[in-house]
Amino acid sequence: MTLTLRALLGASVAAGLSTAALAETITIATVNNGDMIRMQGLTSEFTAANPGITVEWVTLEENVLRQKVTTDIATKGGQFDIMTIGTYEVPIWGKQGWLVSLNDLPAEYDIDDLLPAIRGGLTVDGNLYAAPFYGESSMVMYRTDLMEKAGLTMPEAPTWADIKAAAAAMTDKENEVYGICLRGKAGWGENMAFLTAMSNSYGARWFDMDWKPQFDGAAWKATLTDYLDMMNNYGPPGASNNGFNENLALFQQGKCGMWIDATVAASFVTGADSTVADKVGFALAPDNGLGRRSNWLWAWSLAIPAGTQKEASAKKFVEWATSKAYLELVASKEGWANVPPGTRTSLYENPEYAKIPFAKMTLDSINSADPTNPAVDPVPYVGVQFVAIPEFQGLATAVGQQFSAALAGTTTLEDALKNAQDLATREMTKAGYIK
Amino acid sequence: MPDMTRKTTSARKATVTALAWTVGFLIFFPVLWTILTSFKTEGEAIAAPPSFLFFDWTVENYLTVNERSDYPRHFWNSVVISVGSTLLGVLIAIPAAWSLAFVPGRRTRDVLMWMLSTKMMPAVGVLVPMYLIFRDTGLLDTKTGLVGVLTLVNLPIIVWMLYTYFKEIPAEILEAARMDGASLRSEITYVLAPMAVPGIASTILLNIILAWNEAFWTLNLAAAKAAPLTAFIASYSSPEGLFYAKLSAASTMAIAPILILGWFSQKQLVRGLTFGAVK
């Protein structure tokens, strides 16, 4: 009797110990965006299918997150098993050997189903270093009612001349309607994301093949001239302080005729908080007939830092969250409109998803961006609206301050470009790119 | 004539009072606006012109925030970190301030300035070395680690504040205690400390507030387990998406405890802060 009891006790302790040893907690750092919050909400689906794994979330604002995960990965701090990072970090970190390669994901994951433009931005030397969770580009969102009133129609693939004409026609400052709303707030991910993408369509580039800055060229001058001209004549007041959220608020309140920004905005401007939800049309980001459009490419992706003790569990999560099955799971719970967009070809072949008004435009926008060959002329870097080098964050923010000042009228266009050229030359020489 | 004087005085008093209320209101306004916004829908939060009081009040944001985040855990971490670091700091600072105030040497002023100068360095300058130390000692994402670092960060302020209060206490009283045979320990415990209670109390209160609001180290050295309310707020901010109402609700929940603490202890705070101010 006692023996049986003892054996039973022993067995239960052993069982308890083995479950404890199997249970593994993975810590995931992510940003506070709608799609990520939804993923967080679906964690129980993952843990139900993977009983040995528990998940701990660290959700942070984008800039705080970037500083934190960069510190952690650079020092091999090991606080996170999965990090949410963007197309800017992946090429840099991958080259440093900081990330676990995801080439060995199982066949049913169907790696070839990932959109080529997105996959290209996350691959270094043939290794996929992050799995895309959602992809975005930028496009034109415009007010169909105001266009109609002005007697204009928006082409599906407009030129900058079309945009300028439409902005002039829709502007009605007395009624606080501004033809065009664009980012003006200084920052590498703020006005410089927009202006760098815009400059691609004007034939400009950040650096030539010898890493020499190009702000003294005619193409950058043309970019900035048109940008300032449109914003000063048809933009909202105080635009030099406007970022994504400010412009979103203006557009939702019916104060913008057009807004060129991230494709993810489409679901917001047509959502419940928007006063113009049923009057929004979409078009590709404009071009100038030079073979490059002014849209960017970004993908929030899940990456596993090299050196994590929990690589196998982390990989399981990454596979789950970026799989075809996850898209179906979200669709079954919250509808197709809430599925994270822009990562898989199969999603766009799905007839249900094709009914979403902005689905095709998002796909076309993503497909027309090429991070490995972003400008009209050849460039030595990867990235459409950024240059994937560690120095870019600081440099582009400094340049962004010059351009924001030009928009605010505290400096002239010529001075802003000259200062940008000087800043970039100094920084690139110091960093050893210019010999 | 005397009537005139009284009139000028009361008119002046009214002006000063009005001015004080205006300044007070201006300082309080951002907090009030945050609280008001937390009861709006996301749509109303960005409406222009904004509505001040007449909108559809809703507690939906609070429900969402509570559902999504573990408020009690963040709150408890904040309490442990701010109270722990302050008490530890005061324990170290009392003897330091005592020696600086009552046994000054030739270099006392320099020592004080040097201590304060550590506050002048931007924190991010030592982030990587600190991070490495924390990583190697296993202190990343632990409350112990954060208590330690916040003690160090706020120590100069605690020493300075206590030093200023101690300077106000006549050294003769301590001398008298010593002549009566009091040991150093009993001199500090029974003579100095009781006289400096208002000063010590306000130092503690102010430092709890500072530690509660500290957002650089708490965000960078903690991740999940030890994350205090600063991380709780940061998880509701977003550059792409309008979550102002939810962010305001999270902020209100994060500042409410410290606001209440400040409200109840304002007498102590004001007394302590003005103690020794008139020289």
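Note that the structure is a prediction, hence the values are computed from the model and not measured. (Residues numbered from 1 in each chain as written. Chains lettered and ligands numbered in written order. Predicted model: local features only at pLDDT ≥ 70, side-chain atom pairs only at ≥ 80, totals over all residues. Heavy atoms only, no water.)

Right, let's talk about the interface of chain A and chain B for a bit. Where interface size is quoted, it is often the accessible area lost as the parts come together. With 37 residues of chain A at the interface, the matching set in chain B holds 33 residues. Both sides of the chain A and chain B interface together cover about 2,800 Å² of buried area, and 52% of this is carbon and sulfur. For chain A, the biggest contributors to the area lost against chain B are Asn32, Gln79 and Asn245 of chain A; these three give 20% of the whole. Here chain A is connected to chain B by 1 salt bridge. Residue Glu56 of chain A is joined to Arg73 of chain B by a salt bridge in which the shortest nitrogen-to-oxygen separation is 3.1 Å. The tally of links from chain A across to chain B stands at 16 residue pairs in polar contact (both at pLDDT 80 or more). Looking at the side of chain A that touches chain B, the elements with two or more residues in it are α2 (34–41), β2 (53–60), α4 (62–74), β6 (131–143) and α11 (244–252) of chain A. Considering only residue class, the side of chain A that touches chain B consists of 12 nonpolar, 14 polar and 11 charged. (Contact = heavy atoms within 4.5 Å. Buried area = accessible area lost by both parts, 1.4 Å probe. Salt bridge = Lys/Arg side-chain N within 4 Å of Asp/Glu carboxyl O. Polar contact = N/O pair within 3.5 Å; in protein donor to acceptor, adjacent residues only side chain to side chain. Helix = DSSP H or I, 4+ residues; strand = E, 2+ residues; numbered from the N terminus. Nonpolar A, V, L, I, M, F, W, Y, C, P; charged D, E, K, R; others polar.)

Let us now look at the packing of helix α10 (residues 197–213) of chain B against helix α13 (residues 244–264) of chain B. All names here are of chain B. For the pair α10 and α13, the least separation of the axes is 11 Å and the interaxial angle reads 175 degrees. As judged from the angle between their axes, α10 and α13 are roughly antiparallel. Residues Leu205, Ile208, Ile209 and Trp212 of α10 touch α13, and the partners they reach there are Ala254, Pro257, Ile258 and Leu261. (Axes fitted to C-alpha atoms, helices over the stretch in contact; angles between N-to-C directions. Parallel < 35°, antiparallel > 145°, perpendicular 65-115°, else oblique.)

The next thing to look at is the nonpolar core. Core analysis: the largest hydrophobic core is formed by 158 residues, its most contacted members being Ile180, Trp206, Tyr227, Met258, Phe317 and Phe403 of chain A. Ile180 of chain A has contacts with Ile163, Ala167, Met230, Met231, Tyr234, Gly235, Pro236, Met258 and Ile260 of chain A, leaving out every residue within four places of it along the chain. The next biggest cluster of nonpolar side chains, apart from the first, holds 24 residues, and it includes Leu100, Ala177, Ile188 and Val191 of chain B. (Core = buried A, V, L, I, M, F, W, Y, C linked by side-chain atoms within 4.5 Å. Buried < 20%, exposed > 50% of the residue type's maximum accessible area, 1.4 Å probe, protein only.)

All names here are of chain A. The domains assigned to chain A are domain 1 (22–135 + 298–354) and domain 2 (138–297 + 372–430). One C-alpha centre belongs to domain 1, the other to domain 2, and the line joining them spans 29 Å. Taken together, the 9 residues of domain 1 in the interface contact 12 residues of domain 2. In this structure, the connection of domain 1 to domain 2 is made through 0 salt bridges. Counting across the interface, domain 1 meets domain 2 through 1 residue pair in polar contact (both at pLDDT 80 or more). Elements that contribute at least two residues to the side of domain 1 that touches domain 2 include exactly α5 (89–96) and α6 (116–121). (Domains from an automatic or database assignment.)

Now for the packing of aromatic side chains. Under the criterion given, the structure shown has 46 aromatic pairs over all chains. Between Phe25 of chain B and Phe29 of chain B the ring centres are 5.8 Å apart and the planes differ by 55 degrees, which places this aromatic pair in the tilted class. Here Phe29 of chain B and Phe25 of chain B lie together in helix α1 (residues 2–37), a separation of 4 residues that amounts to about one turn. On the basis of relative accessible area, Phe25 of chain B is assigned to the partly exposed category, the value being 44%. Just above the ring of Tyr109 of chain A sits the side chain of Arg344 of chain A; from NZ or CZ to the centre is 4.7 Å. For the cation-ring pair, Lys40 of chain B lies above Phe55 of chain B, with the distance from its terminal atom to the ring centre recorded as 5.1 Å. (Phe/Tyr/Trp six-rings, centres within 6.5 Å; stacked < 30°, edge-to-face > 60°. Lys NZ or Arg CZ within 6 Å of the ring centre and 35° of its normal.)

Moving on, we get to the domain arrangement of chain B. All names here are of chain B. With domains assigned, chain B is organised as domain 1 (2–63) and domain 2 (69–272). Taking only C-alpha atoms into account, the centre of domain 1 sits 30 Å from that of domain 2. Counting from both sides, the interface comprises 12 residues of domain 1 and, opposite them, 12 residues of domain 2. Across the interface of domain 1 and domain 2, roughly 970 Å² is buried in total on both sides, 75% from carbon and sulfur atoms. Together, Glu42, Ile46 and Tyr62 form the three largest contributors to the area buried by domain 1 at its contact with domain 2, with a combined 47%. Taken together, the connections running from domain 1 to domain 2 amount to 1 salt bridge. Counting every contact that joins domain 1 to domain 2 gives 3 residue pairs in polar contact (both at pLDDT 80 or more). Contributing elements (two or more residues each) for the side of domain 1 that touches domain 2: α1, α2 (42–45) and α3 (60–68). Of all the elements, α1 adds the most residues to the side of domain 1 that touches domain 2, at 4 residues.

All names here are of chain A. Inspection of the entire model under this criterion finds 1 disulfide over all chains. Paired through a disulfide, Cys181 and Cys256 show a sulfur-sulfur distance of 2.0 Å. Residues Cys181 and Cys256 are joined through a disulfide that is left-handed, its torsion about the S-S bond being -90 degrees. Placement of Cys181 in strand β7 (residues 178–181) and of Cys256 in strand β8 (residues 256–262) is noted, with a sequence separation of 75 residues between them. The exposure class assigned to Cys256 is buried, which follows from its relative accessible area of 0%. (Disulfide = S-S within 2.5 Å.)

Once that is clear, we can look at a nonpolar patch on the surface. Residue and element names in this part refer to chain B. On the surface, a nonpolar cluster with roughly 670 Å² of combined accessible area is contributed by Phe25, Phe29, Phe52, Leu53, Phe54 and Trp57. Along the polypeptide, Phe54 turns up in the loop between α2 and α3. By relative accessible area, Phe54 is classed as exposed at 80%. (Patch = residues over 30% accessible without salt bridge, like charges linked within 9 Å, V, L, I, M, F, W, Y side chains within 5 Å. Areas by Shrake-Rupley, 256 points an atom, 1.4 Å probe, with all protein chains shown as cover.)

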